[in-house]
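Read off the chains here:
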Amino acid sequence: DNWITYADFLFDIKDFLLAKILYEFILRSKNDLYYVHYKYGKVLFCTNNIKDAKRHFKIALKIAPQYCEAMNNLAELYYTINEFDKSILFYRKSLKIKPEDKITLFNIGTTYLRATKLQKAAKAFEKIVELDLTNFSALRHLAFVYSRQNKMDLSVETFKKCLDLEPDDFYVNLELAIFNFHDTDNYQEAEIYLKKCIELKPERKDVYKHLFSVYIKLNKNVEASDIYISLG
């Protein structure tokens, strides 16, 4: 137990080389410790030894079939090598055991999104929001999925919920500005969000160019001119 604790400590401080040596030493002494196979798999995964990491995660699951951590790490491994169907399979197995685990729900949601399974992605993020109304990341991803589904009213409503939680988020302000400019022709609203973006990240020249286009639509020619002067 003390060797395992020490190996875990080395893993936590990212001394992967010595952690690897210790986990191997422990497994030579006792090869049926599913937790050690799992942690050794994590070391291998962190050092890009994908093939062996996968093998040790699977050994951990063979010894302890209900071990969600190994399922989730195996799912993450498949995600990194773009095998999304296998990744989803292991996330779903994990969710059968812990159906309200928000981290697993978020991860399967992002995997569905990468696999362009938008309806399933939306359901995963909606479940997180149902469990936690203040989960900013889930709300932002959900708003993005809605926009991909052309559910623009829901997308905007969800982005605004994001702003209620974090009014100074640059990217949410930018998304709402672009939506108001391109989709609803609400140039006054777009101007408000773009000015907020410039306040947050004055170095972003693309935002100034968006604001220039808004001023042209609003016939604010002096302000449009000022934008180009400010850009040199």
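The structure under discussion appears in the preceding block.
Cut-off values and rules
Residues numbered from 1 in each chain as written. Predicted model: local features only at pLDDT ≥ 70, side-chain atom pairs only at ≥ 80, totals over all residues. Heavy atoms only, no water. Phe/Tyr/Trp six-rings, centres within 6.5 Å; stacked < 30°, edge-to-face > 60°. Helix = DSSP H or I, 4+ residues; strand = E, 2+ residues; numbered from the N terminus. Buried < 20%, exposed > 50% of the residue type's maximum accessible area, 1.4 Å probe, protein only. Lys NZ or Arg CZ within 6 Å of the ring centre and 35° of its normal. Contact = heavy atoms within 4.5 Å.

A. Structural view of the packing of aromatic side chains. Scanning the entire structure with this criterion turns up 12 aromatic pairs. Ring plane angle 65° and centroid distance 5.7 Å describe the contact between Phe106 and Phe125, whose orientation is recorded as edge-to-face. Highlighted residues: Phe106 in helix H7 (residues 102-114) and Phe125 in helix H8 (residues 118-131), separated in sequence by 19 residues. Judged by relative accessible area, which is 22%, Phe106 ranks as partly exposed. Measuring from centroid to centroid gives 4.5 Å for Phe212 and Tyr228, while their planes differ by 80°, and the two rings are edge-to-face. Of the two residues, Phe212 is situated in helix H13 (residues 205-217) and Tyr228 in helix H14 (residues 221-230); the sequence distance between them amounts to 16 residues. Taken together, the ring pairs connect Tyr34, Tyr35, Tyr38, Phe57 and Tyr67 into an aromatic cluster. The ring centre of Phe170 lies 5.0 Å from the NZ or CZ of Lys201, which sits over that ring.

B. Representation of the environment of Leu105 in the model. Positionally, Leu105 belongs in helix H7. For the pair Leu105 and Lys54, spaced 51 residues apart in sequence, the C-alpha separation works out to 22 Å. Look past the residues within four positions of Leu105 in its chain and what remains in contact with it is Leu95, Pro99, Glu100, Ala124, Lys127, Ile128 and Leu131.

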